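Residues per chain, in single letters:
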Amino acid sequence: IMHTVAEFVRVTERFFLTFLNENEAMRRACDIAETKQYLLVNADCDFSDKPLSPCNLGQIFMFCSFLSKLEESEDVTVCICAGNSERSITVRCFLIGAFMILCKHNSPEDVLEIFKAAEDRFSAFAFEEDSFDVSDCWNALHLARTRGWLDFTNPEPDYDQCIDMDEYIHYDHSANGSMHVVVPNEIIVFPCPRIIPPDPSTVQPALWTTESGHRVFGPDYYADILSDFDVRLVVRCDAGAAPYPESAFERSGMAGERVPADGVDPSQPLSLLRSFDRFMTLAGSTPGAI
């Protein structure tokens, strides 16, 4: 039921992906639309020369919500325009595949089969010196869904088991701390706090300040939020960051540990394995989140 028509890839009965430009796609969309109404979604954008990275979880959630909303119009065929650059095609296929996995409960193998005609046009994602492909990201999303960490289809999700996406999007923003729930009620990651000078008007610890147009946050800011997430242990993994006082976390009932993971010599894998083993031991023995 999923096939390619010219430069259109049929994703579902009413969703297509096209590699044509917007004008050509508009002219030819009606040829494949099974109804007289169709909606062309222009998903093209101006990519920079920076290394290609996958969309974050908030962007995936908003895209999935957008497509789910379109599905409510049963008489409309939707064509998503990916453009013709490899970077654009990679991101659009990744997002649509995420929708199929998280909202349609397809397997990564099923999704890869859908996009078989476009597979040779995928670019690799990059993070620092590592690279990974679209299927790696789809496998990660599938794992999160099957473990119950992500629930995009239930109108009333159980937030004791899955990520609260509204809350996630709020704290994911750099103006709110760049915090990310990785495993609900178990693991949260956030940047190392900075030492913020006290507020001169109150002589109290300042929660955040602005440097080069960006907010940076102190320990008191994170301690207040993490206590709401029932965090019991703060593990510092970034050995290269400036030291910060741990007293704010201690006052909120959180212990502190250091597990070096940053700057580990790749020629000494045992050192990284020891850090990983230590981290897993802490995660398994801590009564709350870490």
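Calculation rules
- Residues numbered from 1 in each chain as written.
- Predicted model: local features only at pLDDT ≥ 70, side-chain atom pairs only at ≥ 80, totals over all residues.
- Heavy atoms only, no water.
- Helix = DSSP H or I, 4+ residues; strand = E, 2+ residues; numbered from the N terminus.
- Buried < 20%, exposed > 50% of the residue type's maximum accessible area, 1.4 Å probe, protein only.
- Phe/Tyr/Trp six-rings, centres within 6.5 Å; stacked < 30°, edge-to-face > 60°.
- 1 Å grid on protein atoms, 1.4 Å probe; cavity = no way out; pocket = protein on both sides within 12 Å on 5 of 7 lines; lining within 4 Å.
- Points joined across faces, edges and corners; volume = space filled by probe spheres on them.
- Nonpolar A, V, L, I, M, F, W, Y, C, P; charged D, E, K, R; others polar.
- Salt bridge = Lys/Arg side-chain N within 4 Å of Asp/Glu carboxyl O.
- Patch = residues over 30% accessible without salt bridge, like charges linked within 9 Å, V, L, I, M, F, W, Y side chains within 5 Å.
- Areas by Shrake-Rupley, 256 points an atom, 1.4 Å probe, with all protein chains shown as cover.
- Lys, Arg positive; Asp, Glu negative; His and termini not counted.
- Charge placed at Lys NZ, Arg CZ, Asp CG, Glu CD.
- Axes fitted to C-alpha atoms, helices over the stretch in contact; angles between N-to-C directions.
- Parallel < 35°, antiparallel > 145°, perpendicular 65-115°, else oblique.
- Contact = heavy atoms within 4.5 Å.
- Expected span 1.5 Å × (residues − 1).
- pLDDT = per-residue confidence, 0-100.

### Digging into unusual backbone geometry
Phi angles above zero are rare outside glycine, and His 105 is one such case at about 60°. For Asp 230, which is not glycine, the phi dihedral falls at a positive 60°. Considering the arrangement of structural elements, one finds Asp 230 in the loop between α7 (219-228) and β12 (233-236). Taking the relative accessible area as the measure of exposure, Asp 230 reaches 37% and is therefore partly exposed.

### Observations concerning the packing of aromatic side chains
All told, the structure shown has 13 aromatic pairs when counted by the stated rule. With a centroid separation of 5.1 Å and 75° between ring planes, the pair formed by Phe 61 and Phe 152 is classed as edge-to-face. Residue Phe 61 is found in helix α2 (residues 57-71), and its partner Phe 152 is found in the loop between α5 (134-146) and α6 (165-172); the two are separated by 91 residues along the sequence. Judged on exposure class, the residue Phe 61 and its partner Phe 152 are both buried. Between Tyr 221 and Tyr 222, the ring centres sit 5.5 Å apart and the planes meet at 80°, which makes this aromatic pair edge-to-face. When its relative accessible area of 14% is taken as the criterion, Tyr 221 is described as buried.

### Section: empty space enclosed by the protein
Overall, the coordinates contain one cavity of 30 Å³ or more when judged by the stated rule. Volume-wise, the largest cavity comes out at about 60 Å³. Lining the largest cavity are Val 234, Arg 236, Tyr 244, Glu 246, Phe 249, Glu 250, Met 254, Ala 255, Gly 256 and Glu 257. Those elements that place two or more of their residues in the lining of the largest cavity are β12, α8 (247-251) and β13 (255-258). Here the lining of the largest cavity gets three residues from one element, more than from any other, and that element is β13. Counted by class, the lining of the largest cavity contains five nonpolar, one polar and four charged residues.

### Structural notes on the pattern of salt bridges
Tallied over the full model, the rule gives seven salt bridges. Residues Glu 72 and Lys 69 are paired through a salt bridge, measuring 3.6 Å at the closest nitrogen-oxygen approach. For the pair Glu 72 and Lys 69, a shared accessibility class is recorded, and that class is exposed. In this structure, Glu 257 and Arg 278 form a salt bridge, with 3.3 Å as the shortest nitrogen-oxygen distance. Taken together, the residues span a long stretch of sequence, with Glu 257 in strand β13 and Arg 278 in helix α9 (residues 269-285) at a distance of 21 residues. Residue Arg 278 is classed as partly exposed on the basis of its relative accessible area of 37%.

### Describing a negative patch on the surface
A cluster of acidic residues, Glu 86, Glu 119, Asp 120, Asp 133 and Asp 136, forms a negative patch at the surface. Among the structural elements, Glu 86 can be located in helix α3 (residues 86-102). Residue classification places Glu 86 among the partly exposed positions, given a relative accessible area of 43%.

### Brief notes about the environment of Ala 25
Relative to the helices and strands, Ala 25 resides in helix α1 (residues 22-32). Owing to a relative accessible area of 0%, Ala 25 belongs among the buried residues under this scheme. Each C-alpha atom, one on Ala 25 and one on Gly 83, is 9.7 Å from the other, the two residues being 58 residues apart in sequence.

### A closer look at the packing of α2 against α3
One can describe the packing of α2 onto α3 by two numbers: an axis separation of 9 Å at closest approach and a directional angle of 70°. The orientation of α2 relative to α3 falls into the category roughly perpendicular. Facing Ile 60, Phe 63, Cys 64, Leu 67, Ser 68 and Glu 71 of α2, the residues of α3 in contact are Phe 94, Leu 95, Ile 96, Ala 98, Phe 99 and Leu 102. Each residue belonging to the contact of α2 with α3 can be placed in one class, and the counts come to ten nonpolar, one polar and one charged.

### Here we look at α9
With 17 residues, α9 extends 24 Å between its outermost C-alpha atoms, agreeing within 8% with the 24 Å of an ideal straight helix rising 1.5 Å per residue. Against β9 (187-189), β12 and β13 lie the buried residues of α9.

### Focus: the confidence of the model for the chain
Mean pLDDT over the chain works out to 84, with 86% of the residues at or above the 70 mark. Counting interchain partners and residues more than four positions distant, the pLDDT-below-50 stretch residues 1-6 has twelve contacts. Under a pLDDT of 50 for its full length, residues 43-47 has, in the predicted model, twelve contacts with residues more than four places off or in other chains.

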